[in-house]
Amino acid sequence: MLNKTASIKTEQGRRYLQMLCKHFKHKVSAGWDEDQGWVEFAMGRCELNCTNELLQVCCQADNAKDLLEITDTVKSHFDRFAQKQQLILQWSN
C-alpha cells in the first residue's frame with residue numbers, strides 16, 4: 001500500500017475536515033465526527049484527523065497511478081475550499 005500525507009497548520013481543521021467529507025459523500029462513501037474522517041474512493045482511501053491547530057490528511061492506494069488520482073482530487077478540493085485563508089495542501093511521503 002502506498003501513501004502520501006500532508007499536515008496543514010490551521011485553527012479551522014475541523015471545518016475543513018467536515019467540508020471535505022461532506023462534499024465527497026455526495027459521490028462516494030465517507031464518514032466523520034468532530035476530530036476524524038475518511039473518504040473511500042474506488043481506487044483507495046483518504047483519512048483526515050484534526051486538532052485545534054492542525055489538519056492531517058493521509059491518502060492510500062495500491063499503486064502510484066491511483067494514489068496520484070486521489071491526492072490530486074483531495075488537493076484540488078482543499079485548495080479551493082481554503083483559498084480565502086490562503087492555505088495550500090502540500091504532500092509529503
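Each value, and the rule that gives it
- Residues numbered from 1 in each chain as written.
- Predicted model: local features only at pLDDT ≥ 70, side-chain atom pairs only at ≥ 80, totals over all residues.
- Heavy atoms only, no water.
- Core = buried A, V, L, I, M, F, W, Y, C linked by side-chain atoms within 4.5 Å.
- Buried < 20%, exposed > 50% of the residue type's maximum accessible area, 1.4 Å probe, protein only.
- Contact = heavy atoms within 4.5 Å.
- Pairing = 2+ DSSP bridges.
- Helix = DSSP H or I, 4+ residues; strand = E, 2+ residues; numbered from the N terminus.
- Phe/Tyr/Trp six-rings, centres within 6.5 Å; stacked < 30°, edge-to-face > 60°.

What is the right way to read the nonpolar core from this model?
The nonpolar side chains of a soluble globular protein tend to be buried, and buried together. In this structure, L48, L55, V57, V74 and F78 are the most contacted members of the largest nonpolar core, which totals 25 residues. When near neighbours in sequence (up to four residues on either side) are disregarded, L48 contacts L17, L20, C21, D35, Q36, G37, W38, V39, L55, Q56 and V57.

I keep staring at the pairing of strand 5 (residues 54–61) and nothing clicks. Help me out?
The side chains of a regular strand alternate, first on one face of the sheet and then on the other. Here strand 1 (residues 2–9) runs beside strand 5; their pairing, made up of 8 bridges, is antiparallel. Of the residues in strand 5, the one forming a bridge with K4 is C59. By the bridge criterion, 7 bridges tie strand 4 (residues 44–50) to strand 5 in an arrangement that is antiparallel. Paired with R45 across the strands is Q60, a residue of strand 5. What sits between the antiparallel neighbours strand 4 and strand 5 is a turn of 3 residues.

Just to check I follow, could you spell out the packing of aromatic side chains for this structure?
Each pair of aromatic rings is reported with the distance of its centres and the angle of its planes. Scanning all chains against the criterion turns up 2 aromatic pairs. Relative to F78, the ring of Y16 has its centre 5.2 Å away and its plane inclined at 65 degrees; by these criteria the two rings are edge-to-face. Taken together, the residues span a long stretch of sequence, with Y16 in helix 1 (residues 13–25) and F78 in helix 2 (residues 64–81) at a distance of 62 residues. Look at Y16 and you get buried, because its relative accessible area is 0%. A centroid spacing of 5.3 Å and a plane angle of 75 degrees characterise the contact between F24 and F41, whose relative ring orientation is edge-to-face. Separated by 17 residues along the polypeptide, F24 in helix 1 and F41 in strand 3 (residues 36–41) bring together distant segments of the chain. The exposure class assigned to F41 is buried, which follows from its relative accessible area of 9%.

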